[in-house]
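Residue strings, one per chain:
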Amino acid sequence: MSGDHSHNDSQIDSGSRHNDSHKHKDKYKDKEHKHKDHKKDKEREKSKYSNSEHRDSSDKKHRDKDKERLKLKDGSSDKQKDKHKEKKKEERSFDGKPKKEKENGFESPFIKSEPDNDFYHSLKHEKSLKRERNDDDAEFKPKKIKTENDRSEKKAKKRKQEEEDIKPKKKIKDKKGEVATDGKKKAKKEPEEKWKWWEEERYTDGVKWKFLEHKGPVFAPPYDPLPSNVKFYYDGKHMKLSSTAEEVATFFAKMLDHEYTTKEVFRKNFYKDWRKEMTSEEKSKITDLNKCDFSEMSEYFKAQSEARKAMTKEDKQKIKEENERILQEYGFCIMDNHKERIANFRIEPPGLFRGRGDHPKMGMLKRRIRSEDIIVNCSKDSKHPKPPPGTKWKEVRHDNKVTWLVSWTENIQGSIKYIMLNPSSRIKGEKDWQKYETARRLKKCVERIRAQYRDDWKSKEMRIRQRAVALYFIDKLALRAGNEKEEGETADTVGCCSLRVEHLTLHQEMGGQEYVVEFDFLGKDSIRYYNKVPVEKRVFKNLQLFMEDKEPEDDLFDRLNTSILNKHLQELMDGLTAKVFRTYNASITLQQQLNEITNSEDNVPAKILSYNRANRAVAILCNHQRAPPKTFEKSMQNLQTKIDAKKEQLADAKRELKSAKADAKVRRDEKSKKAVESKKKAVQRIEEQLMKLEVQATDREENKQIALGTSKLNYLDPRISIAWCKKFGIQIEKIYNKTQREKFAWAIDMAGKDFQF
DNA sequence: TGGTACACTTAGAATGACGGCC
DNA sequence: GGCCGTCATTCTAAGTGTACCA
């Protein structure tokens, strides 16, 4: 086996990787982890490798040389390879710099429809704001340096254009793309003009924006007390709770049907936090959660939910309109002359913490966030958002080196939560694009890096061997880096660098293959990673060495952490981190799979099945799982019933065709000939329908426990999919829904049919 | 060198919207 | 027209990675 990085045959039993976290978790319950104790291992290593100092310095020299070589090799600007694309697009590179001046400096189809024109006053104020975009990032360097004259001329043009654009427009478009003229709606959609931020230059020195204005967050609605007929019972007796205690009780009642409320940890944490909200009288009365009866509350909320569903169309419409109004008011910001959608403008409401897996803090009370907890970030010269009457913000900040608009600290883990922009925004899109370009740079030097880590498996230094084996896993199996976690603060999950001895079983021989490593651990979100992988002999021997004399709960890589690993990777390639391997391997797998399995002769559903299969290969590689939908069995059965019916229909149609043919043979007239033709067409039509249903069934079955969305959204360079669509005449809408198309607008615009990752 | 704060991406579950079918 | 299943969207937890400090 030499450098096998095909991700589809590297696993003995990839299909057996399934989400079995509940059973699995028991294995780790109540464990005392001593994996931070490295002292004895250090002693062990010292005695084994006495000349490590010398090796260290010579290694560094080699690395520096390699780094230089890599820099030279990768330094050239990476252009997209679509040679058949129209010239404008062909010339555009990922550096984000336009080849021609932007035609519409500022366009905001929303402005006139905005009810609160005040909010947009700053657009006018902003119109002369220019973005100085000299790139500091190597990848995004402009290909040609502009002269100052060029710049000022262009700036002047742009400014003029922007002024034009800010002037009231005759046409405005609403969210659905309907065009209104002077307030009147037109029935027909017109193509929306989108801002092509990818044709513009980027900011430098970590500046994220020059101007930012928004309306602040939308707070969770205040607590609405229960009606007096909805009662809480303690020990079988009605008990009126104080408003605060009642609110927290409703959080529990709302979750009564959820498995969470049966978990001991959840109940314990809830009870502890609930008591903090009780009056002293309540505290003295309520002493046992098991004696609390929340069922009336629970029924009440279920009834409310039913009532919501049963609302009249008009009432539903009213709610929808109100939501739309809130969205229009709070869901957008102005960032550097453009109206951008905010991703999460609502503050997380209070409730009970739903940690994943065996989270020690599940059930704790997530407290209500008030204005006094909120830090607002916006431009000094913008109209600052106002806190609700009678309240104050914690702070108003003007930090343009960050992308967030609002932040607060949550009380469960003490972490900071942010309000940020939607994935379709410039600020997110640029970053996403950059991510794929970094992965494409890795493509150019991955063979060298692989050669190096293979070489490092033989290193005299334990730390280098560990680093090399870990990197091999990250590369081959697309494992996450595995940062260290605070014990007892979160669920016990691991990634590559934090793997423990107990997570691996070594098999000299298994299923007819040599040197098999069996992985079994809980990864991000407590999703189980189970995989049996044949590895190279040297890796296997190294693993034996790393595991020697260790307890199951000891770290496998005791000389390694993500910081050390990433520092090393940074030396191998600028911008390289462990995460890049996952992006690279996901994207390259999609590209290879599509190249391999797409049959140009296939019809559209079959081609889409091929696409989904390629996507699935990536999802399996990245271990993106989902709980099988509750309705899965039933819906499969329904589909099968449809298939059976269609088969019968086909048999009937074929019989009819046969008899029509026989009839035509005897009668030899036009009418019977026509009858044969129409029967033939009917057979064809039914065959197509049957095929479609069968493809659907296959797709659904194969997708039972696999989530395609995560890889599609976060790991697969969208240009691969778009190029594939263009090449094989598939509508992009078949692959990406509306939201995804908005997120990947940059890729849709720039990828031609010949783009290769 | 390790700890921590912070900023940001990635993740599956929950919820909501919508369209097809009876 | 209502029900049901599916897909889209929202929500927020859980990761990664960097900067900074002692």
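Residues numbered from 1 in each chain as written. Chains lettered and ligands numbered in written order. Predicted model: local features only at pLDDT ≥ 70, side-chain atom pairs only at ≥ 80, totals over all residues. Heavy atoms only, no water.

Points about the protein's contact with DNA strand B
Then, in step 1: Taken together, the neighbourhood of DNA strand B is formed by 29 residues, with H258, K428, K524, T710 and Y715 sitting nearest.
Then, in step 2: Taken together, the sugar and phosphate atoms account for 84% of what DNA strand B places within 4 Å of the protein.
Then, in step 3: Contact between DNA strand B and K524: a base oxygen at 2.6 Å from a side-chain N or O atom of the residue.
Then, in step 4: Here K579 contributes a side-chain N or O atom positioned 3.1 Å from a phosphate oxygen of DNA strand B.
Then, in step 5: Elements that contribute at least two residues to the surface near DNA strand B include exactly strand 15 (416–419), helix 12 (426–456), helix 16 (578–597) and helix 20 (709–714).
Then, in step 6: Looking at which element gives the most residues to the surface near DNA strand B, the answer is helix 12, with three residues. (Near = heavy atom within 4 Å. Polar contact = N/O pair within 3.5 Å; in protein donor to acceptor, adjacent residues only side chain to side chain. Helix = DSSP H or I, 4+ residues; strand = E, 2+ residues; numbered from the N terminus.)

As for the environment of M364
Then, in step 1: Locating M364 in the fold gives a position in the loop between strand 10 (351–352) and strand 11 (365–366).
Then, in step 2: When sequence neighbours within four positions are dropped, the list of residues in contact with M364 reads N269, D273, G351, L352, F353 and I412. (Contact = heavy atoms within 4.5 Å.)

Details of the packing of helix 7 (residues 243–254) against helix 10 (residues 295–309)
Then, in step 1: Running from amino to carboxyl end, helix 7 crosses helix 10 at an angle of 70°, the nearest separation of the two axes being 8 Å. Taken together, the axes of helix 7 and helix 10 lie roughly perpendicular to each other. Of the residues in helix 10, those touching helix 7 at A249, T250, A253 and K254 are M297, S298 and F301. (Axes fitted to C-alpha atoms, helices over the stretch in contact; angles between N-to-C directions. Parallel < 35°, antiparallel > 145°, perpendicular 65-115°, else oblique.)

Describing helix 15 (residues 562–572)
Then, in step 1: Along helix 15, the residues that are buried comprise T562, L565, H568, L569 and L572. Buried residues in helix 15, looked at end-on, bunch into an arc of 130°, giving them a common side.
Then, in step 2: For helix 15, the capping residue at the N-terminal end is N561, with a side-chain oxygen 3.0 Å from the backbone nitrogen of S563. (Buried < 20%, exposed > 50% of the residue type's maximum accessible area, 1.4 Å probe, protein only. Arc of directions from axis to C-beta.)

Topic: the UniProt feature "coiled-coil region" (unreviewed entry) in chain A
Then, in step 1: UniProt records the feature "coiled-coil region" (unreviewed entry) for residues 302–329 and 636–703 in the present numbering.
Then, in step 2: This span, residues 636–703, is 96% helix and 0% strand, and a straight line between its end C-alpha atoms measures 12 Å. (UniProt positions renumbered as here; feature names shortened; annotations may be inferred.)

Some thoughts on the domain arrangement of chain A
Then, in step 1: If you check the domain split of chain A, you get domain 1 (232–314), domain 2 (329–422), domain 3 (428–581) and domain 4 (588–750).
Then, in step 2: For domain 1 versus domain 4, the separation of C-alpha centres amounts to 48 Å. (Domains from an automatic or database assignment.)

Concerning the pairing of strand 18 (residues 528–534)
Then, in step 1: Most of strand 18 is tucked away: seven of the seven residues are buried.
Then, in step 2: Alternating positions in strand 18 separate into two faces, R528, Y530, K532 and P534 on one and Y529, N531 and V533 on the other, with burial throughout.
Then, in step 3: Judged from the seven bridges that link them, strand 17 (residues 513–522) and strand 18 form a sheet pairing that is antiparallel. From the neighbouring strand, E518 faces strand 18, where its bridge partner is K532.
Then, in step 4: Between strand 17 and strand 18, which pair antiparallel in sequence order, lie five residues; one of them, D525, sits at a positive phi of approximately 60°. (Pairing = 2+ DSSP bridges.)

A closer look at the packing of helix 7 against helix 8 (residues 264–277)
Then, in step 1: Two numbers describe how helix 7 lies on helix 8: the axes approach to 8 Å, and their chain directions differ by 165°. On the basis of the axis angle, helix 7 is roughly antiparallel to helix 8. Judged by the twist between their axes, the crossing of helix 7 over helix 8 is right-handed. Across the interface between the two elements, T244, A245, V248, A249 and F252 from helix 7 touch F266, R267, F270, W274 and E277 from helix 8. (Left-handed = near helix turned anticlockwise from the far one by under 90°.)

Regarding the sheet that holds strand 12 (residues 375–377)
Then, in step 1: The strand order across the open sheet built from four strands is 13-12-14-15, with neighbouring strands paired in mixed fashion. Taken across any chain shown, the strands that pair with only one partner, and hence form the sheet edges, are strand 13 (395–397) and strand 15. When the angles between neighbouring strand axes are averaged without regard to direction, this sheet yields 20°.
Then, in step 2: Across two bridges, strand 12 lies against strand 14 (residues 406–409) in antiparallel orientation. Across the sheet, I375 pairs through a bridge with S407, a residue of strand 14.

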